[in-house]
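Summary of the model geometry
What follows is each chain in one-letter form.
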Amino acid sequence: MPPTLSSALPRLAREIRLAEVPSGLPGPEHLTIAEAPLPVPGTGEVLVRNRWFQVFPSLRTLVAGGVPGTPFPALRPGDALFGPAVGEVVAAPADGDLRPGDLIAHFQGWREYAVVPAAPPLGDALPDPAAHLASGATAYAALTRIARLRKGETVLVTGGAGGVGSLAGQIARLLGAARVIGTTGSPAKAARMTAELGYDAVVLRGGGPIAGRLAEAAPDGVDVVVDTVGGEQLQAAVAAARPGARLVVVGTLATQLSPASGGTTAPVELDAFQLIARNITIRGLTGVDGEVHAEWTERFGAWLRSGAVTFPHTRIAGIERAPLALRELFEGRHVGTVVIEM
């Protein structure tokens with residue numbers, strides 16, 4: 001049976017909607033905060049009060065019309081935004097496993113309340129519930145399942161201060177990488193990457209081709225690449241790749257964060273002769289299966305508790321500040337994951 005809603009719950013709840021499709025990067029002027037009737041759960045569903053949700057760059061692609069073949073629908077004017085969230089159960093079926101107060105992960109962020117399918121409670125797997133919004137599972141899957149990083153190898157992470165990159169460097173170090181190199185566009189971020197996030201060297205983009213600076217940072221080449229950027233940085237990674245290198249493409253920030261791009265394509269020209277001659281493997285990664293995610297969560301929790309890793313993130317209080325946080329994300333103002341706390 002569907003859960004019964006308490007009379008103490010509000011009749012209306014706020015959500016953030018797309019007001020218009022921008023010609024470039026979306027910002028506060030393209031979003032609106034609206035009130036909607038409190039959603040009513042049906043059979044097999046629960047009502048949650050969102051406590052944290054993630055602000056992520058792929059919203060640019062969804063607002064721009066989406067990409068065929070990917071699991072997420074395009075956003076149209078009037079639609080509420082969505083994304084990874086952690087919610088507190090406030091109404092659940094009496095015959096189910098969930099109880100009010102339990103926390104569950106879901107994909108209906110950008111709103112105060114959401115109706116979502118019943119899911120296993122998060123429990124205390126991670127010491128900080130907001131850490132369930134970390135993008136480390138992607139980095140972990142790229143390094144352990146696709147690239148199959150071996151001890152003593154050199155790893156390159158493009159966009160090393162982003163949500164994926166800020167954990168990828170730390171994970172690579174723990175998995176036995178001999179040298180970890182990252183890229184970023186900010187000297188301040190570069191300093192944090194070497195001081196806190198496991199990087200031996202950071203290559204700054206801007207001011208000319210990045211390939212030469214990468215060659216200086218990795219004179220013997222790289223064995224594994226976790227690419228979150230695409231574009232020129234992916235080209236440079238191929239140029240620096242050693243024979244047998246494995247490149248995992250997990251993001252396209254070069255186009256998603258560019259006002260001049262359409263946001264839904266990420267073309268890049270690579271030298272196929274070099275791919276063949278050096279037996280370089282390039283593979284894309286989208287999504288992480290349940291087995292890998294469970295393994296990552298267990299290891300992430302242990303690493304966090306021991307202090308072996310940190311969860312780099314910025315917490316911003318209040319749903320009303322989320323539109324500005326999206327603009328700040330596109331401007332590159334934050335390190336790691338951007339989390340709205342409510």
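That block above? That's the structure.
Residues numbered from 1 in each chain as written. Predicted model: local features only at pLDDT ≥ 70, side-chain atom pairs only at ≥ 80, totals over all residues. Heavy atoms only, no water.

**Topic: the packing of aromatic side chains**
Applying the stated rule across the entire model yields six aromatic pairs. Taken together through their ring pairs, the aromatic side chains of Tyr140, Trp296, Phe300 and Trp303 make up a single cluster. Residue placement shows Arg49 over the ring face of Tyr113; its charged tip is 5.5 Å from the ring centre. (Phe/Tyr/Trp six-rings, centres within 6.5 Å; stacked < 30°, edge-to-face > 60°. Lys NZ or Arg CZ within 6 Å of the ring centre and 35° of its normal.)

**Thoughts on the packing of helix α5 (residues 210-217) against helix α6 (residues 231-240)**
Two numbers describe how α5 lies on α6: the axes approach to 9 Å, and their chain directions differ by 40 degrees. Here α5 is positioned oblique relative to α6, judged by the angle of their axes. For the crossing formed where α5 meets α6, the hand is right-handed. Only Glu232, Gln233, Ala236, Ala237 and Ala240 of α6 make contact with α5, whose side of the interface consists of Ile210, Ala211 and Leu214. (Axes fitted to C-alpha atoms, helices over the stretch in contact; angles between N-to-C directions. Helix = DSSP H or I, 4+ residues; strand = E, 2+ residues; numbered from the N terminus. Parallel < 35°, antiparallel > 145°, perpendicular 65-115°, else oblique. Left-handed = near helix turned anticlockwise from the far one by under 90°. Contact = heavy atoms within 4.5 Å.)

**Concerning the nonpolar core**
Within soluble globular proteins, side chains that are nonpolar generally end up buried alongside one another. The biggest cluster of nonpolar side chains holds 38 residues, and the ones touching the most others in it are Leu143, Leu149, Val155, Ile171 and Phe300. Looking at which element gives the most residues to this core, the answer is helix α2 (residues 136-146), with seven residues. Ignoring anything within four residues of it in the chain, the contact list for Leu143 reads Arg148, Leu149, Val155, Ala168, Ile171, Ala172, Leu175, Val224 and Val226. Judged by nonpolar contacts, the second largest core, of 24 residues, contains Leu18, Leu31, Leu75 and Val338. (Core = buried A, V, L, I, M, F, W, Y, C linked by side-chain atoms within 4.5 Å. Buried < 20%, exposed > 50% of the residue type's maximum accessible area, 1.4 Å probe, protein only.)

**What to know about empty space enclosed by the protein**
A complete count under the given rule lists two cavities of 30 Å³ or more for this structure. Taken as a whole, the largest cavity spans an internal volume of roughly 60 Å³. In terms of lining, the largest cavity is formed by Leu126, Ala131, His132, Ala134, Ala137, His293, Trp296, Thr297 and Phe300. The dominant element in the lining of the largest cavity, judged by the number of residues it contributes, is helix α9 (residues 290-306), at four residues. Grouping the constituent residues of the lining of the largest cavity by class yields six nonpolar, three polar and no charged. The calculated volume of the second largest cavity comes to roughly 30 Å³. Surrounding the second largest cavity, Ile316, Arg321, Leu324, Ala325 and Glu328 form its lining. The element contributing the most residues to the lining of the second largest cavity is helix α10 (residues 322-330), with three residues. Of the residues assigned to the lining of the second largest cavity, the class counts are three nonpolar, no polar and two charged. (1 Å grid on protein atoms, 1.4 Å probe; cavity = no way out; pocket = protein on both sides within 12 Å on 5 of 7 lines; lining within 4 Å. Points joined across faces, edges and corners; volume = space filled by probe spheres on them. Nonpolar A, V, L, I, M, F, W, Y, C, P; charged D, E, K, R; others polar.)

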